[in-house]
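# Structural overview
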Amino acid sequence: MTVNNTITCEKFLPHPPAAVWKALTDPDLHARWWAAGDVKPVVGHRFTLDMGNFGSQPCEVTEVEEERLLAYRFAEGSLDTTITWTLHPKGNGTRLVLDHSGFDLDSPMGRQAYEGMGKGWPHVLERLATVLDETV
């Protein structure tokens, strides 16, 4: 079985880590750039992301370092992947790194999700940048 295949995307955002962190952890802002859900930066917090046509996806926060790292299990019971956001201060902005890991490429659903999300994540990060530009 092939596991732990990872999608990695990076984006420089001309906003301080505090602003990026807020966009990642404030449910109202999160809904504007990706999906509605009661995300909170608290280890063990369980929440659901409304992914529209892809349904509601259960998540659980697994790691938090304030304004530096947020990780959560995504789509528990189906994809069983992990999303990790890492914030790196850079000048007056933030280099944001997204790692979406744990895809089972031997599973048709896992491979389809890997391919689809690999194409989709850059667009999601663009929407995040737009929301930050509008709110900061």
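Worth saying up front: this structure is predicted, and the values here are computed from it rather than measured. (Residues numbered from 1 in each chain as written. Predicted model: local features only at pLDDT ≥ 70, side-chain atom pairs only at ≥ 80, totals over all residues. Heavy atoms only, no water.)

### Re helix H1 (residues 17-25)
Just so we agree on the cut-off: Only protein chains enter the accessibility calculation, which uses a 1.4 Å probe. A residue is then buried if its area is under 20% of the maximum for its type, exposed if over 50%, and partly exposed in between. The helix and strand labels rest on DSSP assignments: H or I over at least four residues marks a helix, E over at least two residues marks a strand, and numbering proceeds from the N terminus.
Where burial is concerned, most of H1 is hidden: 7 out of the 9 residues are buried. Taken together, the buried positions of H1 are Pro17, Ala19, Val20, Trp21, Ala23, Leu24 and Thr25.

### A word on the sheet that holds strand S4 (residues 69-74)
The condition is simple: What makes two strands pair is DSSP finding at least two bridges between them. In this analysis an axis means a line fitted to C-alpha atoms, helices contributing only their contacting stretch, and an angle means the value between N-to-C directions, from 0 to 180 degrees. Contact definition: two residues touch when any of their heavy atoms are within 4.5 Å.
An order of S1-S6-S5-S4-S3-S2 is seen for the 6 strands of this open sheet, with the pairing classed as antiparallel. Because the sheet does not close on itself, it has two edges, and the strands there are strand S1 (5-13) and strand S2 (46-50). The mean angle between the axes of side-by-side strands here comes to 25°, regardless of whether they run parallel or antiparallel. Taken together, the 6 bridges between S4 and strand S5 (residues 81-90) define a ladder with antiparallel strand orientation. By the bridge assignment for S5, Ala71 is matched with Thr84. Running over the sheet, H1 touches S1, strand S3 (56-65), S4, S5 and strand S6 (93-103) and is turned about 160° from S5.

### With respect to helix H3 (residues 108-135)
The following threshold applies: Helix span, as expected, comes to 1.5 Å for every residue beyond the first. A residue's bend is simply the angle between two axes: one fitted to the seven residues ending at it, one to the seven starting at it.
A rise of 1.5 Å per residue sets the reference length of H3, with its 28 residues, at 40 Å; its end C-alpha atoms lie 39 Å apart and thus fit the reference within 8%. For H3, the principal kink sits at Gly120 and spans about 35°; a proline, Pro122, occurs within the next four residues.

### Thoughts on the environment of Thr25
Basically, it comes down to this: Think of a polar contact as two N or O atoms within 3.5 Å of one another; within protein, one of them needs to be a possible hydrogen donor and the other a possible acceptor, and neighboring residues in sequence only count if both atoms come from side chains.
Mapped onto the elements, Thr25 comes out in helix H1. For the pair Thr25 and Gly52, spaced 27 residues apart in sequence, the C-alpha to C-alpha distance is 20 Å. Each residue touching Thr25, except ones within four places of it in the same chain, is listed here: Val39, Pro41 and Leu70. At 2.8 Å, the side chain of Thr25 and the backbone oxygen of Trp21 are in polar contact.

### Some thoughts on the pattern of salt bridges
For the record, the criterion: Salt bridges are identified by distance alone: a Lys or Arg side-chain nitrogen within 4 Å of an Asp or Glu carboxyl oxygen.
Taken as a whole and judged by the stated rule, the model has 10 salt bridges. The residue Arg46 makes a salt bridge to Glu60 at a minimum N-O spacing of 3.0 Å. Of this pair, Arg46 sits in strand S2 while Glu60 sits in strand S3; the two residues are 14 residues apart in sequence, bridging distant segments of the chain. Residue Glu76 pairs with Arg46 through a salt bridge whose shortest N-O separation is 3.1 Å. Taken as a pair, Glu76 in the loop between S4 and S5 and Arg46 in strand S2 lie far apart in primary sequence, 30 residues in all. Note on Arg46: relative accessible area 55%, which makes it exposed. Salt bridges here are not isolated pairs; linked through shared partners, they connect Arg46, Glu60, Arg73 and Glu76.

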